Structure formats: C-alpha cells, structure tokens
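What follows is the residue order along each chain.
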Amino acid sequence: MNKEDRTTQMLAPLETATPRRPTVALALGAGGAKGLAHIGAIEEIDAQGFEIVAIAGTSMGALIGGIYAMGKMDVYRDWVSTLAKFDVFRMLDWTFTGGGLIKGEKLIGTLRELVGDTCIQELPIAFTAVATDLDREREVWLTRGSLFDAIRASIAIPTVFRPHVIDGRRLLDGALLNPLPVAPLIRDPADYLFAISMDGPIKTTPVEVAAPDDGEHHTHRHRVGEFFSRMLPHSEGKPREPGAWDLLNQSLDLMQANLSRLRLAAYEPDLLIQLPRNLSTPYEFYRARELIELGREQAREALTDWSKKLTPPRHV
C-alpha cells in the first residue's frame, strides 16, 4: 500500500463520523402531577437530536430529572402510566406530627424499589436538586449524596410533606424560592440552555388530546383539589365552595407563577417550553399518559418555532 492509499484509509473514518449532537442544560420546574409533562418534553428533546448533559430540577422537576439522569425514565414512565385514581393515596403514610400530613417514606421507598438509588455525583449527567433551607431561609442546591434524599427534600411541599433533614438542615420544597431553576445551570458547558415550566398562562378553553394506546379522549379543566374535594360533604345541586386544599393549591400556583417570571427575567434560557398552570391539579397522577403526551406536543411546537430563529450556541 503506497503513501496515498494509507492516507485515504486513515481519513475515511473521519468522513463518515456521526455529527456531534448539540448539547443542552435543562431546567425542570415544579408542578406536582403536572410535572409528568416533563417526561414527554424530555423525550421530544431527545428525539430531535439534542443531548442533555446537565439537569437542575425543583420538586417534581427534581424527581423526573433525577430519574432521567439515572437512565431509568422509561421504567418510571411505564409504571406511573398504570396508576389509577387512588393508587397514589395507597403510597402515602399519613401522620399528624412532624410538620406535615405525609411522612413521605413510603412513597420514596416505592420509587427506590422501582429504579434503585445512587449518589448524585456518580450520575452520568450533572444533576442538581433545588430545595429550601427552612431555618437559614435560603435556596439550597443539592449536588452530592443520595439521589432520593435530595429528591425527597425537593418535593417537601409545606404542610403536605414533613420537612426532610439532611446534614442537620430542615429542607422543604425548592419551589418556595425557585420554582424554575435556571441559575444552577448557567456555568454548565452546554450549547443551549432549555427550561420547562408548568407555570404558563391559564388556558380558558378545554383541550382534547388522544392518550396513547387506548385512543380515549380526555378534557383538561382546572379541577383543583379533585381528590380531596370528593371526600368532603356538600349539598347536591349547589356549587361546592372552594375548600382548604383548593385555596392552598391556587395560592401555591399563583406564587410559583410569579416567582418563575421573576427568575426568568434574571436568567433567560435559550428556549422556554411552557405548559399552562391549570393543566391539572397536583394530585392527578392517574392522568399520566395524557400529561406526558401534552408535554411532548408542547415541546415539539416550541422546538419547531425556536429552530426557525435559532441563535448560535452559548458555548462553542
């Protein structure tokens, strides 16, 4: 083989090499069951050729982001898609002490059995769970230690879940101070920074979507506190007045939506994928397949619009 042939042989693999996928640092917002839409949105981002290299999540965003970083999102998606209306309640360990109605141990134990656990620093994707330090009154970025300890702290909705103690700190839901954690990702070496928010403008008209597999159609309405309200007595034929759970959820939604706007004004992502904050109540996990598909559709639409006016990557 002459020198020219050897040179051609050496260069051949370079000519057929797979192009590098653009990388994304991804912020996942809070939202309870609404956050299941993160699953569809992430799958769409993957399907469109992006590589997610860093994730920061608050509350449900921390749960979905952590499980994705483990490489177990398909396992979680298949499991959560089978939940019926009251299956979630069977995983709740009720209590009247400790500052919350739910201990949270049974739920986290169920998830650990489903996908396992690991140390955050051993994940193949950089991951940050955002929580709130109740005593020091500040935001906390959890980047080391048990993944599900971090998730448990990040999902600790005040009065609903007990605070979770890590290293002597009482930690609560990260959405109290940062419902859409873009800031932890600013220094990550990714081409683009995407954020998925469950705090978008309220939709005033129902939206019908065919859930996968069964073809059934579901209607989206603002059914705040549906699980709890059905357990409360009310007079037939009379509209039910908002109860404590309704008011709590509406108040949290309003607070989180305003905090998200403030955070986005300070830290603007390259792409914001927003879903309406009345997409579902925080407890409608039985609508998983429907919510996942809505996240996928919204991400597809946002990515299509964004690609038409694509800007150069943040990091070259």
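Computed from a prediction, not measured in an experiment: that's the story for all the values here. (Residues numbered from 1 in each chain as written. Predicted model: local features only at pLDDT ≥ 70, side-chain atom pairs only at ≥ 80, totals over all residues. Heavy atoms only, no water.)

Engineer: What is the right way to look at the packing of helix 6 (residues 105–115) against helix 7 (residues 147–154) in this model?
Structural biologist: A pair of packed helices is captured by two measures, namely the crossing angle of their axes and the spacing between those axes. Put simply, helix 6 and helix 7 touch, their axes get as near as 11 Å, and they point 145° apart. As for how helix 6 packs across helix 7, the hand of that crossing is right-handed. Mapping the contact onto sequence places Ile108, Leu111, Arg112 and Val115 in helix 6 and Phe148, Asp149 and Arg152 in helix 7. Partitioned by chemical class, the residues of the contact of helix 6 with helix 7 number four nonpolar, no polar and three charged. (Axes fitted to C-alpha atoms, helices over the stretch in contact; angles between N-to-C directions. Helix = DSSP H or I, 4+ residues; strand = E, 2+ residues; numbered from the N terminus. Left-handed = near helix turned anticlockwise from the far one by under 90°. Contact = heavy atoms within 4.5 Å. Nonpolar A, V, L, I, M, F, W, Y, C, P; charged D, E, K, R; others polar.)

Engineer: How do you make sense of helix 2 (residues 37–47) when you look at a structure like this?
Structural biologist: Helical geometry: 3.6 residues make up each α-helical turn, so side chains three or four residues apart lie on a common side. Taken across its eleven residues, helix 2 has nine buried, putting it largely inside the fold. Where helix 2 ends, the next residue or the one after it, glycine 49, has phi of about 95°, a positive value. (Buried < 20%, exposed > 50% of the residue type's maximum accessible area, 1.4 Å probe, protein only.)

Engineer: Please explain the pairing of strand 2 (residues 51–58) as it appears in this structure.
Structural biologist: Side-chain positions along a regular strand alternate between the two faces of the sheet. Across the eight residues that make up strand 2, a large majority, six, are buried. Pairing of strand 1 (residues 23–28) with strand 2 involves six bridges; the strand directions are parallel. Across the sheet, the residue bridging to leucine 28 is glycine 57, located in strand 2. What joins strand 1 to strand 2 is helix 2, and the crossover it makes is right-handed. Bridge analysis of strand 2 against strand 4 (residues 126–133) gives five bridges, and the strand direction is parallel. By the bridge assignment, alanine 56 is partnered in strand 4 with threonine 128. (Pairing = 2+ DSSP bridges. Right-handed = clockwise from strand over helix to strand, strands pointing away.)

Engineer: How should I be thinking about the side chain of threonine 95 in this particular structure?
Structural biologist: Secondary-structure assignment places threonine 95 in the loop between helix 5 (87–90) and strand 3 (100–102). Here threonine 95 falls in the buried class, since its relative accessible area comes to 8%. Among the polar contacts made by the side chain of threonine 95, one reaches the side chain of arginine 162 at a distance of 3.3 Å. Apart from the residues within four sequence positions on either side, threonine 95 is in contact with Gly100, Leu101, Ile102, Lys103 and Arg162. (Polar contact = N/O pair within 3.5 Å; in protein donor to acceptor, adjacent residues only side chain to side chain.)

Engineer: Would you take a moment to explain the pattern of salt bridges for this structure?
Structural biologist: Note on pairing: side chains with opposite charge can pair once their charged atoms come close. Applying the stated criterion to the full structure yields 14 salt bridges. With a shortest N-O distance of 3.0 Å, glutamate 293 and arginine 296 are connected by a salt bridge. Pair noted here: glutamate 293 and arginine 296 are both in helix 10 (residues 288–308), with a separation of three residues, about one helical turn. The same class applies to glutamate 293 as to arginine 296, namely buried. Where salt bridges share partners, they join Glu43, Arg77, Asp78, Glu293 and Arg296 into one cluster. (Salt bridge = Lys/Arg side-chain N within 4 Å of Asp/Glu carboxyl O.)

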